[in-house]
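Working through the structure, step by step
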Amino acid sequence: MKSFRRGFRVIASLLMLCILAFAGYNIAMKHIYPDDYIDLAKRYGEEYNVRWELVMAVINCESKFDPEAVSERDAVGLMQLTEETFSDMRKKVGDDESVTFEAYAKDPETNIKYGTRYLQFLLEYFEGDKIAAVAAYNAGLSNVKKWLREDGKLAIEEIEFPETATYVKKVLKAEQQYSD
């Protein structure tokens, strides 16, 4: 009887450890890959034909979900839009000039809307080449055009800026996490 209780305790303890480990893993993953703004990512992802998982990955890597984020290069908000990109996307989505960078760049909905529209533009420009599109999101269109192979594609190893290559890898990994 003692050995039965002892075995039961061991099994119960192991089961509890497994449950706690699983719960801890889920909490850690939720912290690393939050789902804040997922509704907006899905909405504008669908509207602009961009995978919502990619939108979430870009937000994660650009701002860590901080709508107040401002980069050294004055890119602003969740998807880190510059004033020039903001203005270009405002025209592309058909918003009027009352939607100003100063007033709306940190607004989560506007930022995700314009950032997703920019991802759509880049994906179309690079004919669906996600590596090229994500690299251009980080390093700019003109840089990526210089790195393209003759077939118009880009491999991570061909990215000349180490920071951009690392960024692309992080975005693709985060996108995979959001897909799981």
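Residue indices follow the written sequence of each chain, beginning from 1 at its first position. pLDDT decides what is reported in this predicted model: residues at 70 or higher carry local features, side-chain atom pairs at 80 or more are listed and counted, and totals for whole chains, interfaces and linings draw on all residues regardless. Think of the side-chain values as coming from all heavy atoms in the structure, minus any hydrogens and water.

Let us now look at the overall build of the protein chain. Along its length, the protein chain carries nine helices and zero strands. Labels follow the DSSP assignment, with helices taken as runs of H or I lasting at least four residues and strands as runs of E lasting at least two, numbered in each case from the N terminus. Secondary structure elements in the protein chain, listed N-terminal to C-terminal, are α-α-α-α-α-α-α-α-α. Buried, partly exposed and exposed residues are distinguished by accessible area as a fraction of the type maximum, computed with a 1.4 Å probe on protein chains only: under 20%, between the cut-offs, and over 50%, respectively. Within the protein chain, the fraction of its 180 residues that count as buried is 41%. We call two residues in contact when some of their heavy atoms are within 4.5 Å. The long-range fraction of contacts in the protein chain, counting pairs at least 24 apart against all pairs at least 6 apart in sequence, stands at 54%. In the form shown here, the protein chain has an accessible surface area of approximately 10,900 Å², with 53% of it arising from carbon and sulfur atoms. The accessible surface values rely on the Shrake-Rupley method and a 1.4 Å probe; as for residues, cover is taken only from the protein chains in view.

A word on the nonpolar core. In terms of nonpolar packing, the biggest core is built from 46 residues, with Met79 and Tyr137 touching the most fellow members. Looking at this core, the elements that each hand over two or more residues are helix H2 (38-47), helix H3 (52-63), helix H4 (83-93), helix H6 (108-125), helix H7 (130-139), helix H8 (141-147) and helix H9 (162-179). For this core, the leading source of residues is H7, giving seven residues. In contact with Tyr137, not counting residues within four places along its chain, are Val58, Glu62, Met79, Leu81, Gly115, Tyr118, Leu119, Leu122 and Tyr167. Nonpolar cores are built from buried Ala, Val, Leu, Ile, Met, Phe, Trp, Tyr and Cys residues. Side-chain atoms within 4.5 Å join them into one set.

Any carboxyl oxygen of Asp or Glu that lies within 4 Å of a side-chain nitrogen of Lys or Arg is treated as forming a salt bridge with it. According to the stated counting rule, one finds eight salt bridges in the structure shown. Where Glu175 meets Arg51, a salt bridge forms, and the shortest distance between an N and an O atom there is 2.9 Å. Of this pair, Glu175 sits in helix H9 while Arg51 sits in the loop between H2 and H3, and the two are 124 residues apart along the sequence. Given the relative accessible area of 4%, Glu175 is considered buried. You can call Arg51 partly exposed: its relative accessible area is 42%. Overlapping salt bridges bring together Arg51, Glu53, Lys130 and Glu175 as one network.

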